[in-house]
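Descriptive analysis of the structure
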Amino acid sequence: MTRRRSFIQQSALIAGGLWLSPTLLHARQQTAPSDRVRVALIGANNMGFGILRHHLALAEVDCVAICDVDQNVLEKRLKEVEDATGKRPEGFTDFRKLLEKKDLDAVIIGTPDHWHCLIAVAACQAGKDVYVEKPMANSIGECDLMTQAAAKYSRIMQVGQQQRAGQAFIESRDLVKSGYLGKIRKVNIWSNFNYGLGNEIKPLTTVPEGVDYDFWLGPAPKREFNPNRFHGSWRHFWDYGGGLMSDWGVHLLDMAIWVEENPSAPSIVMTYAKNVNKENRDRDTFDTMNVLFPKKDFLINYDMNGGLQSGPYNKPYGIAYVGELGTLIVNRNGYEIYPEWDGTAKAPKCEAKKLEGTTESHNLHVANFVECIKARNQPSCPPEAGRLAALHAHIPNIAARIGAEQLIWDDQKREFVGNAAANALIWPEYREPWTLPKV
Ligand SMILES: NC(=O)c1ccc[n+]([C@@H]2O[C@H](COP(=O)([O-])OP(=O)(O)OC[C@H]3O[C@@H](n4cnc5c(N)ncnc54)[C@H](O)[C@@H]3O)[C@@H](O)[C@H]2O)c1
(Lines give C-alpha, C1' and ligand atoms only; values in the text may rest on other atoms or scores of the structure.)
Protein backbone atom coordinates (compact mmCIF):
# COMPACT_ATOMS: atom_id res chain seq x y z
CA MET A 1 0.00 0.00 0.00
CA THR A 2 1.39 3.42 -0.92
CA ARG A 3 1.95 6.01 1.81
CA ARG A 4 -0.62 8.29 0.20
CA ARG A 5 -3.19 5.50 0.12
CA SER A 6 -2.64 4.57 3.73
CA PHE A 7 -2.88 8.26 4.63
CA ILE A 8 -6.24 8.54 2.85
CA GLN A 9 -7.56 5.46 4.62
CA GLN A 10 -6.34 6.60 8.00
CA SER A 11 -7.78 10.07 7.54
CA ALA A 12 -11.07 8.50 6.56
CA LEU A 13 -11.04 6.26 9.58
CA ILE A 14 -10.08 8.97 12.03
CA ALA A 15 -12.06 11.85 10.66
CA GLY A 16 -14.95 10.15 8.86
CA GLY A 17 -17.52 10.99 11.47
CA LEU A 18 -16.02 14.31 12.53
CA TRP A 19 -16.52 17.75 11.09
CA LEU A 20 -12.96 18.83 10.44
CA SER A 21 -10.76 18.62 13.54
CA PRO A 22 -7.79 21.02 13.93
CA THR A 23 -5.41 18.15 13.05
CA LEU A 24 -7.30 17.55 9.85
CA LEU A 25 -7.42 21.24 8.99
CA HIS A 26 -3.64 21.30 9.41
CA ALA A 27 -3.23 18.19 7.24
CA ARG A 28 -5.40 19.83 4.56
CA GLN A 29 -3.02 22.78 4.39
CA GLN A 30 -0.06 20.41 3.95
CA THR A 31 -1.46 18.61 0.89
CA ALA A 32 0.16 19.83 -2.33
CA PRO A 33 -2.17 21.48 -4.90
CA SER A 34 -1.17 18.87 -7.48
CA ASP A 35 -2.43 16.13 -5.16
CA ARG A 36 -5.83 17.71 -4.50
CA VAL A 37 -9.20 16.41 -5.67
CA ARG A 38 -11.86 19.06 -6.35
CA VAL A 39 -15.43 17.90 -5.81
CA ALA A 40 -18.87 19.48 -6.10
CA LEU A 41 -22.12 18.37 -4.52
CA ILE A 42 -25.43 18.31 -6.43
CA GLY A 43 -28.42 17.76 -4.10
CA ALA A 44 -27.32 18.89 -0.66
CA ASN A 45 -30.14 18.37 1.84
CA ASN A 46 -29.36 15.12 3.58
CA MET A 47 -27.34 12.15 2.31
CA GLY A 48 -25.50 14.16 -0.32
CA PHE A 49 -24.17 16.49 2.35
CA GLY A 50 -23.22 13.54 4.55
CA ILE A 51 -21.18 12.16 1.65
CA LEU A 52 -19.58 15.55 1.05
CA ARG A 53 -18.54 15.68 4.71
CA HIS A 54 -16.81 12.33 4.33
CA HIS A 55 -14.99 13.72 1.29
CA LEU A 56 -13.89 16.77 3.25
CA ALA A 57 -12.61 14.52 6.01
CA LEU A 58 -9.91 13.53 3.52
CA ALA A 59 -7.13 16.08 3.69
CA GLU A 60 -6.69 16.19 -0.07
CA VAL A 61 -10.30 16.95 -1.05
CA ASP A 62 -11.71 20.44 -1.64
CA CYS A 63 -15.34 21.33 -2.19
CA VAL A 64 -15.43 23.89 -4.99
CA ALA A 65 -19.19 24.06 -5.61
CA ILE A 66 -22.61 23.08 -4.30
CA CYS A 67 -25.84 22.98 -6.29
CA ASP A 68 -29.39 22.69 -5.01
CA VAL A 69 -32.74 23.79 -6.41
CA ASP A 70 -33.77 24.77 -2.87
CA GLN A 71 -32.02 28.08 -2.03
CA ASN A 72 -32.56 27.46 1.68
CA VAL A 73 -30.63 24.21 1.55
CA LEU A 74 -28.01 25.73 -0.72
CA GLU A 75 -27.29 28.73 1.53
CA LYS A 76 -27.16 26.59 4.66
CA ARG A 77 -24.71 24.10 3.14
CA LEU A 78 -22.49 26.78 1.56
CA LYS A 79 -22.16 28.42 4.95
CA GLU A 80 -21.44 25.15 6.73
CA VAL A 81 -18.62 24.32 4.34
CA GLU A 82 -17.25 27.86 4.59
CA ASP A 83 -17.34 27.73 8.39
CA ALA A 84 -15.59 24.38 8.46
CA THR A 85 -12.93 24.89 5.80
CA GLY A 86 -12.54 28.67 5.55
CA LYS A 87 -13.44 28.51 1.84
CA ARG A 88 -16.92 29.24 0.47
CA PRO A 89 -17.76 26.97 -2.46
CA GLU A 90 -19.47 28.49 -5.50
CA GLY A 91 -23.26 28.14 -5.30
CA PHE A 92 -25.48 26.93 -8.17
CA THR A 93 -29.13 26.13 -8.70
CA ASP A 94 -28.61 24.60 -12.17
CA PHE A 95 -26.29 21.60 -12.32
CA ARG A 96 -25.61 22.24 -16.02
CA LYS A 97 -23.88 25.50 -15.15
CA LEU A 98 -21.94 23.79 -12.37
CA LEU A 99 -20.70 21.16 -14.81
CA GLU A 100 -19.16 23.89 -16.98
CA LYS A 101 -16.60 24.51 -14.25
CA LYS A 102 -13.08 23.63 -15.34
CA ASP A 103 -11.61 23.48 -11.81
CA LEU A 104 -13.68 20.43 -10.95
CA ASP A 105 -12.71 16.74 -10.90
CA ALA A 106 -15.76 14.94 -9.55
CA VAL A 107 -19.39 15.39 -8.52
CA ILE A 108 -21.41 13.80 -5.75
CA ILE A 109 -25.06 13.25 -6.71
CA GLY A 110 -27.34 13.43 -3.67
CA THR A 111 -30.60 14.30 -5.43
CA PRO A 112 -33.74 12.13 -5.38
CA ASP A 113 -33.40 9.05 -7.59
CA HIS A 114 -35.34 10.41 -10.59
CA TRP A 115 -32.49 12.86 -11.24
CA HIS A 116 -29.53 10.49 -10.95
CA CYS A 117 -29.29 9.49 -14.61
CA LEU A 118 -29.57 12.92 -16.22
CA ILE A 119 -26.99 14.45 -13.91
CA ALA A 120 -24.60 11.48 -13.93
CA VAL A 121 -24.54 11.20 -17.73
CA ALA A 122 -24.08 14.97 -18.11
CA ALA A 123 -21.23 14.82 -15.57
CA CYS A 124 -19.51 12.00 -17.49
CA GLN A 125 -19.89 13.95 -20.71
CA ALA A 126 -18.34 16.98 -19.02
CA GLY A 127 -15.34 14.84 -18.03
CA LYS A 128 -16.14 14.60 -14.30
CA ASP A 129 -15.96 11.49 -12.14
CA VAL A 130 -19.13 10.60 -10.28
CA TYR A 131 -20.19 9.41 -6.83
CA VAL A 132 -23.89 8.69 -7.30
CA GLU A 133 -26.12 7.69 -4.43
CA LYS A 134 -28.03 4.43 -4.50
CA PRO A 135 -30.21 3.19 -6.08
CA MET A 136 -28.15 3.93 -9.15
CA ALA A 137 -31.25 5.31 -10.93
CA ASN A 138 -35.02 5.18 -10.72
CA SER A 139 -35.43 2.82 -13.68
CA ILE A 140 -33.72 -0.17 -15.28
CA GLY A 141 -33.08 1.69 -18.54
CA GLU A 142 -31.45 4.70 -16.89
CA CYS A 143 -28.97 2.42 -15.07
CA ASP A 144 -27.87 1.15 -18.48
CA LEU A 145 -27.33 4.66 -19.80
CA MET A 146 -25.18 5.53 -16.80
CA THR A 147 -23.11 2.35 -17.17
CA GLN A 148 -22.56 3.15 -20.84
CA ALA A 149 -21.67 6.77 -20.10
CA ALA A 150 -19.05 5.87 -17.49
CA ALA A 151 -17.44 3.43 -19.95
CA LYS A 152 -17.63 5.67 -23.03
CA TYR A 153 -16.18 8.73 -21.31
CA SER A 154 -13.69 6.73 -19.17
CA ARG A 155 -15.08 8.08 -15.92
CA ILE A 156 -14.79 6.63 -12.44
CA MET A 157 -18.31 6.06 -11.13
CA GLN A 158 -18.87 4.88 -7.57
CA VAL A 159 -22.45 3.90 -6.69
CA GLY A 160 -23.31 4.67 -3.06
CA GLN A 161 -23.73 1.05 -1.92
CA GLN A 162 -21.43 1.75 1.02
CA GLN A 163 -22.04 -1.54 2.82
CA ARG A 164 -19.34 -2.93 0.50
CA ALA A 165 -16.86 -1.01 2.66
CA GLY A 166 -18.29 -2.17 6.01
CA GLN A 167 -16.09 -4.52 8.02
CA ALA A 168 -18.98 -6.77 9.11
CA PHE A 169 -20.10 -7.24 5.51
CA ILE A 170 -16.59 -7.76 4.15
CA GLU A 171 -15.79 -10.40 6.78
CA SER A 172 -19.16 -12.09 6.18
CA ARG A 173 -18.58 -12.22 2.44
CA ASP A 174 -15.09 -13.65 2.96
CA LEU A 175 -16.43 -16.33 5.34
CA VAL A 176 -19.20 -17.28 2.91
CA LYS A 177 -16.88 -17.37 -0.10
CA SER A 178 -14.19 -19.36 1.77
CA GLY A 179 -16.70 -22.17 2.36
CA TYR A 180 -16.74 -21.69 6.15
CA LEU A 181 -20.52 -22.21 6.22
CA GLY A 182 -20.42 -25.05 3.67
CA LYS A 183 -22.61 -24.81 0.60
CA ILE A 184 -24.96 -21.84 0.79
CA ARG A 185 -28.51 -22.83 -0.05
CA LYS A 186 -30.35 -19.57 0.70
CA VAL A 187 -29.70 -15.94 1.42
CA ASN A 188 -32.62 -14.71 3.50
CA ILE A 189 -32.99 -10.94 3.72
CA TRP A 190 -35.47 -9.00 5.81
CA SER A 191 -36.05 -5.27 6.07
CA ASN A 192 -38.70 -3.93 8.42
CA PHE A 193 -38.91 -0.18 8.87
CA ASN A 194 -41.68 2.02 10.20
CA TYR A 195 -40.97 4.77 7.68
CA GLY A 196 -41.97 2.40 4.87
CA LEU A 197 -45.59 3.43 5.51
CA GLY A 198 -44.94 6.94 4.21
CA ASN A 199 -46.28 10.15 5.74
CA GLU A 200 -49.84 10.91 6.73
CA ILE A 201 -51.84 12.53 3.94
CA LYS A 202 -51.34 16.30 3.82
CA PRO A 203 -53.12 19.00 1.79
CA LEU A 204 -51.48 20.77 -1.16
CA THR A 205 -49.66 23.95 -0.16
CA THR A 206 -47.85 26.75 -1.91
CA VAL A 207 -44.27 26.04 -2.91
CA PRO A 208 -41.91 27.08 -0.08
CA GLU A 209 -40.04 30.31 -0.77
CA GLY A 210 -36.68 29.76 -2.39
CA VAL A 211 -37.64 26.43 -3.97
CA ASP A 212 -37.69 25.93 -7.75
CA TYR A 213 -40.22 23.09 -7.64
CA ASP A 214 -40.47 22.78 -11.39
CA PHE A 215 -36.73 22.12 -11.47
CA TRP A 216 -37.05 19.72 -8.50
CA LEU A 217 -39.63 17.76 -10.53
CA GLY A 218 -37.42 17.94 -13.61
CA PRO A 219 -38.19 14.99 -15.89
CA ALA A 220 -41.01 13.76 -13.59
CA PRO A 221 -44.67 14.64 -14.29
CA LYS A 222 -45.82 18.15 -13.40
CA ARG A 223 -47.72 18.42 -10.10
CA GLU A 224 -48.88 20.95 -7.63
CA PHE A 225 -46.75 21.13 -4.50
CA ASN A 226 -47.41 18.71 -1.71
CA PRO A 227 -44.87 18.51 1.14
CA ASN A 228 -45.08 14.71 1.03
CA ARG A 229 -43.68 14.75 -2.48
CA PHE A 230 -40.60 16.70 -1.48
CA HIS A 231 -37.51 16.47 0.73
CA GLY A 232 -37.11 13.03 2.23
CA SER A 233 -40.56 11.58 1.64
CA TRP A 234 -40.37 11.65 -2.22
CA ARG A 235 -39.05 8.06 -1.97
CA HIS A 236 -42.60 6.69 -1.49
CA PHE A 237 -43.73 7.78 -4.99
CA TRP A 238 -42.90 5.96 -8.25
CA ASP A 239 -42.16 9.21 -10.08
CA TYR A 240 -39.10 9.82 -7.90
CA GLY A 241 -38.21 6.60 -6.05
CA GLY A 242 -39.11 2.99 -5.32
CA GLY A 243 -40.09 2.89 -1.62
CA LEU A 244 -38.50 0.62 0.93
CA MET A 245 -37.67 -1.86 -1.86
CA SER A 246 -35.19 0.44 -3.58
CA ASP A 247 -34.24 2.40 -0.45
CA TRP A 248 -33.13 -0.46 1.82
CA GLY A 249 -33.74 -3.48 -0.38
CA VAL A 250 -31.07 -2.36 -2.83
CA HIS A 251 -28.43 -2.22 -0.06
CA LEU A 252 -29.28 -5.64 1.35
CA LEU A 253 -29.79 -7.39 -2.00
CA ASP A 254 -26.39 -6.07 -3.05
CA MET A 255 -24.88 -8.13 -0.22
CA ALA A 256 -26.45 -11.30 -1.65
CA ILE A 257 -25.27 -10.63 -5.22
CA TRP A 258 -21.82 -9.84 -3.82
CA VAL A 259 -21.27 -13.41 -2.62
CA GLU A 260 -22.32 -15.04 -5.90
CA GLU A 261 -19.46 -16.71 -7.75
CA ASN A 262 -20.31 -14.62 -10.80
CA PRO A 263 -22.63 -11.78 -9.74
CA SER A 264 -25.61 -12.01 -12.06
CA ALA A 265 -28.81 -10.29 -13.08
CA PRO A 266 -32.02 -11.91 -11.88
CA SER A 267 -33.69 -14.23 -14.35
CA ILE A 268 -36.94 -15.53 -12.77
CA VAL A 269 -38.40 -13.21 -10.14
CA MET A 270 -41.43 -14.20 -8.05
CA THR A 271 -43.12 -11.35 -6.23
CA TYR A 272 -45.88 -11.06 -3.66
CA ALA A 273 -46.80 -7.44 -2.96
CA LYS A 274 -49.57 -5.99 -0.87
CA ASN A 275 -50.59 -2.84 0.94
CA VAL A 276 -51.56 -3.91 4.43
CA ASN A 277 -51.62 -0.47 6.03
CA LYS A 278 -52.51 2.43 3.81
CA GLU A 279 -55.05 4.19 5.96
CA ASN A 280 -54.40 7.93 5.84
CA ARG A 281 -50.96 7.28 4.31
CA ASP A 282 -49.63 9.09 1.29
CA ARG A 283 -47.57 6.75 -0.87
CA ASP A 284 -47.58 4.83 -4.17
CA THR A 285 -45.15 2.14 -3.06
CA PHE A 286 -46.00 -1.15 -1.29
CA ASP A 287 -45.56 -1.76 2.43
CA THR A 288 -45.44 -5.56 2.18
CA MET A 289 -43.31 -7.48 -0.30
CA ASN A 290 -41.84 -10.96 -0.49
CA VAL A 291 -39.61 -11.75 -3.43
CA LEU A 292 -37.84 -14.94 -4.51
CA PHE A 293 -34.83 -14.75 -6.83
CA PRO A 294 -33.64 -18.28 -7.70
CA LYS A 295 -29.97 -17.83 -8.68
CA LYS A 296 -27.37 -20.31 -9.92
CA ASP A 297 -25.63 -20.58 -6.53
CA PHE A 298 -28.56 -20.18 -4.12
CA LEU A 299 -32.03 -18.76 -3.58
CA ILE A 300 -32.36 -15.12 -2.52
CA ASN A 301 -35.42 -14.73 -0.34
CA TYR A 302 -36.37 -11.11 0.38
CA ASP A 303 -38.97 -10.23 3.02
CA MET A 304 -40.00 -6.59 3.56
CA ASN A 305 -42.47 -4.94 5.95
CA GLY A 306 -43.01 -1.19 6.01
CA GLY A 307 -44.66 -0.10 9.26
CA LEU A 308 -43.04 -2.86 11.34
CA GLN A 309 -39.74 -2.44 13.06
CA SER A 310 -38.87 -5.81 14.57
CA GLY A 311 -37.67 -8.93 12.84
CA PRO A 312 -35.86 -12.28 13.06
CA TYR A 313 -32.92 -12.56 15.49
CA ASN A 314 -34.32 -9.44 17.18
CA LYS A 315 -33.08 -7.28 14.32
CA PRO A 316 -35.26 -4.96 12.20
CA TYR A 317 -33.20 -5.78 9.13
CA GLY A 318 -30.48 -8.23 8.24
CA ILE A 319 -29.10 -10.89 5.99
CA ALA A 320 -28.88 -14.61 6.80
CA TYR A 321 -26.46 -16.65 4.71
CA VAL A 322 -27.82 -20.15 5.26
CA GLY A 323 -25.13 -22.81 4.80
CA GLU A 324 -24.95 -26.56 5.38
CA LEU A 325 -22.58 -26.05 8.32
CA GLY A 326 -24.05 -22.92 9.82
CA THR A 327 -25.97 -19.68 9.28
CA LEU A 328 -24.34 -16.26 9.39
CA ILE A 329 -26.51 -13.30 10.37
CA VAL A 330 -25.18 -9.84 9.50
CA ASN A 331 -26.29 -6.24 9.59
CA ARG A 332 -24.55 -2.89 10.06
CA ASN A 333 -23.97 -3.68 13.74
CA GLY A 334 -21.94 -6.84 13.19
CA TYR A 335 -22.39 -10.53 12.48
CA GLU A 336 -22.86 -13.81 14.28
CA ILE A 337 -22.57 -17.42 13.14
CA TYR A 338 -25.06 -20.03 14.38
CA PRO A 339 -23.45 -23.45 13.70
CA GLU A 340 -25.46 -26.50 12.68
CA TRP A 341 -25.25 -29.44 15.11
CA ASP A 342 -23.58 -32.70 14.10
CA GLY A 343 -25.58 -35.40 15.94
CA THR A 344 -23.05 -38.14 15.27
CA ALA A 345 -19.93 -36.24 16.24
CA LYS A 346 -21.90 -34.46 19.00
CA ALA A 347 -20.23 -31.21 18.00
CA PRO A 348 -21.08 -28.07 16.09
CA LYS A 349 -20.42 -28.35 12.36
CA CYS A 350 -18.41 -25.13 12.38
CA GLU A 351 -17.06 -22.81 15.02
CA ALA A 352 -19.31 -20.00 16.25
CA LYS A 353 -17.97 -16.52 15.46
CA LYS A 354 -19.13 -13.03 16.27
CA LEU A 355 -18.24 -9.44 15.40
CA GLU A 356 -19.97 -6.70 17.38
CA GLY A 357 -20.09 -2.94 17.12
CA THR A 358 -21.22 -0.52 14.48
CA THR A 359 -18.86 -0.32 11.57
CA GLU A 360 -19.27 2.99 9.76
CA SER A 361 -18.74 2.45 6.08
CA HIS A 362 -19.67 5.66 4.24
CA ASN A 363 -16.24 7.13 5.04
CA LEU A 364 -14.38 4.12 3.65
CA HIS A 365 -16.57 3.95 0.55
CA VAL A 366 -15.80 7.63 -0.09
CA ALA A 367 -12.07 7.05 0.55
CA ASN A 368 -12.17 4.22 -1.97
CA PHE A 369 -13.75 6.59 -4.53
CA VAL A 370 -11.08 9.24 -4.01
CA GLU A 371 -8.30 6.66 -4.27
CA CYS A 372 -9.81 5.40 -7.52
CA ILE A 373 -10.12 8.91 -8.95
CA LYS A 374 -6.39 9.31 -8.49
CA ALA A 375 -5.32 5.83 -9.55
CA ARG A 376 -7.98 5.52 -12.33
CA ASN A 377 -9.03 2.16 -10.87
CA GLN A 378 -12.52 0.69 -10.71
CA PRO A 379 -14.12 1.47 -7.32
CA SER A 380 -15.72 -1.08 -5.01
CA CYS A 381 -19.22 -0.44 -6.42
CA PRO A 382 -18.63 0.24 -10.13
CA PRO A 383 -21.56 0.97 -12.48
CA GLU A 384 -22.22 -2.65 -13.43
CA ALA A 385 -22.48 -3.66 -9.75
CA GLY A 386 -24.79 -0.70 -9.10
CA ARG A 387 -26.91 -1.72 -12.09
CA LEU A 388 -27.24 -5.32 -10.88
CA ALA A 389 -28.27 -4.22 -7.39
CA ALA A 390 -30.83 -1.76 -8.80
CA LEU A 391 -32.25 -4.47 -11.11
CA HIS A 392 -33.00 -6.64 -8.06
CA ALA A 393 -35.08 -3.79 -6.62
CA HIS A 394 -36.73 -2.47 -9.78
CA ILE A 395 -37.95 -5.82 -11.12
CA PRO A 396 -40.06 -6.66 -8.01
CA ASN A 397 -41.40 -3.10 -7.99
CA ILE A 398 -42.44 -3.45 -11.64
CA ALA A 399 -44.06 -6.82 -10.83
CA ALA A 400 -45.92 -5.21 -7.93
CA ARG A 401 -47.12 -2.30 -10.06
CA ILE A 402 -48.55 -4.49 -12.83
CA GLY A 403 -49.74 -7.27 -10.52
CA ALA A 404 -47.46 -9.96 -12.01
CA GLU A 405 -46.62 -12.86 -9.71
CA GLN A 406 -43.71 -13.90 -11.89
CA LEU A 407 -41.49 -12.03 -14.32
CA ILE A 408 -38.67 -13.39 -16.45
CA TRP A 409 -35.86 -10.97 -17.21
CA ASP A 410 -33.60 -11.43 -20.24
CA ASP A 411 -30.49 -9.47 -19.37
CA GLN A 412 -28.92 -9.98 -22.81
CA LYS A 413 -31.88 -8.37 -24.55
CA ARG A 414 -32.55 -6.05 -21.60
CA GLU A 415 -36.25 -6.90 -21.63
CA PHE A 416 -38.88 -9.00 -19.89
CA VAL A 417 -39.92 -12.18 -21.67
CA GLY A 418 -43.48 -11.98 -22.98
CA ASN A 419 -44.74 -9.17 -20.76
CA ALA A 420 -45.54 -5.90 -22.54
CA ALA A 421 -46.81 -4.21 -19.37
CA ALA A 422 -43.51 -4.88 -17.59
CA ASN A 423 -41.48 -3.81 -20.63
CA ALA A 424 -43.38 -0.51 -20.65
CA LEU A 425 -41.85 0.28 -17.24
CA ILE A 426 -38.19 -0.29 -18.16
CA TRP A 427 -37.83 3.35 -19.19
CA PRO A 428 -39.41 6.43 -17.62
CA GLU A 429 -41.19 8.99 -19.74
CA TYR A 430 -39.38 12.30 -19.35
CA ARG A 431 -41.36 15.51 -19.16
CA GLU A 432 -40.34 18.19 -21.62
CA PRO A 433 -38.00 19.97 -21.98
CA TRP A 434 -36.01 17.11 -20.41
CA THR A 435 -35.13 14.16 -22.62
CA LEU A 436 -33.39 10.89 -21.86
CA PRO A 437 -29.69 11.50 -22.32
CA LYS A 438 -27.98 10.13 -25.41
CA VAL A 439 -24.70 8.34 -24.77
N1 LIG B 1 -26.38 5.33 0.91
C2 LIG B 1 -27.27 5.52 1.85
O3 LIG B 1 -27.22 4.90 2.92
C4 LIG B 1 -28.38 6.51 1.62
C5 LIG B 1 -29.15 6.97 2.69
C6 LIG B 1 -30.15 7.92 2.43
C7 LIG B 1 -30.37 8.37 1.14
N8 LIG B 1 -29.61 7.87 0.11
C9 LIG B 1 -29.83 8.35 -1.28
O10 LIG B 1 -29.39 9.69 -1.36
C11 LIG B 1 -30.18 10.41 -2.31
C12 LIG B 1 -30.77 11.65 -1.64
O13 LIG B 1 -31.64 11.23 -0.61
P14 LIG B 1 -32.00 12.24 0.58
O15 LIG B 1 -32.69 11.46 1.60
O16 LIG B 1 -30.76 13.00 0.95
O17 LIG B 1 -33.02 13.23 -0.17
P18 LIG B 1 -33.46 14.72 0.24
O19 LIG B 1 -34.79 14.93 -0.33
O20 LIG B 1 -33.29 14.93 1.69
O21 LIG B 1 -32.38 15.65 -0.50
C22 LIG B 1 -32.33 15.78 -1.90
C23 LIG B 1 -31.82 17.17 -2.26
O24 LIG B 1 -31.67 17.23 -3.68
C25 LIG B 1 -32.14 18.50 -4.12
N26 LIG B 1 -32.45 18.44 -5.54
C27 LIG B 1 -33.52 17.87 -6.15
N28 LIG B 1 -33.40 17.98 -7.48
C29 LIG B 1 -32.24 18.64 -7.72
C30 LIG B 1 -31.56 19.05 -8.89
N31 LIG B 1 -32.04 18.81 -10.12
N32 LIG B 1 -30.39 19.72 -8.77
C33 LIG B 1 -29.88 20.01 -7.54
N34 LIG B 1 -30.49 19.64 -6.39
C35 LIG B 1 -31.65 18.95 -6.48
C36 LIG B 1 -33.33 18.77 -3.21
O37 LIG B 1 -33.71 20.12 -3.22
C38 LIG B 1 -32.79 18.29 -1.87
O39 LIG B 1 -32.08 19.33 -1.23
C40 LIG B 1 -31.22 9.42 -2.81
O41 LIG B 1 -30.79 8.84 -4.00
C42 LIG B 1 -31.29 8.37 -1.71
O43 LIG B 1 -31.70 7.12 -2.15
C44 LIG B 1 -28.62 6.98 0.34
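Residues numbered from 1 in each chain as written. Predicted model: local features only at pLDDT ≥ 70, side-chain atom pairs only at ≥ 80, totals over all residues. Heavy atoms only, no water.

1. Details of the site of the ligand
The environment of the ligand is made up of 30 residues, and the closest members are Asn-45, Asp-68, Asp-113, Lys-134 and Trp-234. Contacts to the ligand include Asp-113, whose side-chain N or O atom sits 2.7 Å from an oxygen atom. Residue Gln-162 places a side-chain N or O atom 2.9 Å away from a nitrogen atom belonging to the ligand. Looking at the shell around the ligand, the elements with two or more residues in it are helix H9 (213–217) and helix H10 (243–257). Two domains each provide a minimum of three residues to the shell around the ligand, namely domain 1 (3–164 + 366–383) and domain 2 (166–358 + 388–423). (Near = heavy atom within 4 Å. Polar contact = N/O pair within 3.5 Å; in protein donor to acceptor, adjacent residues only side chain to side chain. Helix = DSSP H or I, 4+ residues; strand = E, 2+ residues; numbered from the N terminus. Domains from an automatic or database assignment.)

2. As for a nonpolar patch on the surface
Together, Ile-268, Ile-408 and Val-417 line one region of the surface with nonpolar side chains, adding up to about 210 Å² of accessible area. As for its position among the elements, Ile-408 is in strand S19 (residues 406–410). (Patch = residues over 30% accessible without salt bridge, like charges linked within 9 Å, V, L, I, M, F, W, Y side chains within 5 Å. Areas by Shrake-Rupley, 256 points an atom, 1.4 Å probe, with all protein chains shown as cover. Salt bridge = Lys/Arg side-chain N within 4 Å of Asp/Glu carboxyl O.)

3. Topic: helix H2 (residues 22–30)
One full turn of an α-helix is made of 3.6 residues, so residues set three or four places apart face in the same direction. Listed in full, the buried residues belonging to H2 are Leu-24, Ala-27 and Arg-28. An end-on view of H2 places all buried positions within 105 degrees of arc, on one side of the element. Facing away from the buried side of H2 by over 90 degrees, the exposed positions are Pro-22, Thr-23, Gln-29 and Gln-30. (Buried < 20%, exposed > 50% of the residue type's maximum accessible area, 1.4 Å probe, protein only. Arc of directions from axis to C-beta.)

4. Thoughts on the packing of H10 against helix H12 (residues 383–402)
One can describe the packing of H10 onto H12 by two numbers: an axis separation of 8 Å at closest approach and a directional angle of 125 degrees. Taken together, the axis directions place H10 and H12 in an arrangement best described as oblique. Between H10 and H12 the crossing geometry is right-handed. Facing Met-245, Ser-246, Val-250, Leu-253, Asp-254 and Ile-257 of H10, the residues of H12 in contact are Ala-385, Leu-388, Ala-389, Ala-390, His-392, Ala-393, Pro-396 and Asn-397. (Axes fitted to C-alpha atoms, helices over the stretch in contact; angles between N-to-C directions. Parallel < 35°, antiparallel > 145°, perpendicular 65-115°, else oblique. Left-handed = near helix turned anticlockwise from the far one by under 90°. Contact = heavy atoms within 4.5 Å.)

5. Here we look at the environment of Ile-140
By the secondary structure assignment, Ile-140 is in helix H7 (residues 140–152). Note: C-alpha distance between Ile-140 and Gln-30 (110 residues apart in sequence) is 44 Å. Setting aside its immediate chain neighbours within four residues, Ile-140 contacts Leu-391, His-394, Ile-395, Ile-398, Trp-409, Phe-416 and Ile-426.

6. Considering H12
Helix length check: H12 (20 residues) gives 28 Å between terminal C-alpha atoms against 28 Å at 1.5 Å per residue, within 8%. The element H12 is extensively covered by neighbouring structure, given that 17 of its 20 residues are classed as buried. One or two positions beyond H12, positive phi appears at Gly-403, with a value near 70 degrees. (Expected span 1.5 Å × (residues − 1).)

7. What to know about the nonpolar core
Residues Ile-189, Ile-319, Tyr-321 and Phe-416 are the most contacted members of the largest nonpolar core, which totals 55 residues. Ignoring any residue separated from it by four or fewer positions in sequence, one finds Ile-189 in contact with Leu-252, Leu-253, Ala-256, Ile-300, Asn-301, Tyr-302, Asp-303, Gly-318 and Ile-319. Counting residues in each nonpolar core, the second largest holds 48 residues, with Ala-65, Val-69, Leu-98 and Tyr-240 among its members. (Core = buried A, V, L, I, M, F, W, Y, C linked by side-chain atoms within 4.5 Å.)

8. Points about the domain arrangement of the protein
Along its sequence, the protein is carved into domain 1 (3–164 + 366–383) and domain 2 (166–358 + 388–423). For domain 1 versus domain 2, the separation of C-alpha centres amounts to 25 Å. Taken together, the contact pairs 29 residues of domain 1 with 40 residues of domain 2. For the domain 1 face of the interface with domain 2, the top three residues by lost area are Ile-140, Gln-163 and Arg-164, together amounting to 29%. Arg-414 is the salt-bridge partner of Asp-144, the closest N and O atoms lying 3.0 Å from each other. At the boundary of domain 1 with domain 2, the tally comes to 20 residue pairs in polar contact (both at pLDDT 80 or more). Where the side of domain 1 that touches domain 2 is concerned, the elements lending two or more residues are helix H4 (71–85), helix H5 (95–98) and H7. Here the residues of the side of domain 1 that touches domain 2 are counted per class, giving 11 nonpolar, 11 polar and 7 charged. (Buried area = accessible area lost by both parts, 1.4 Å probe. Nonpolar A, V, L, I, M, F, W, Y, C, P; charged D, E, K, R; others polar.)

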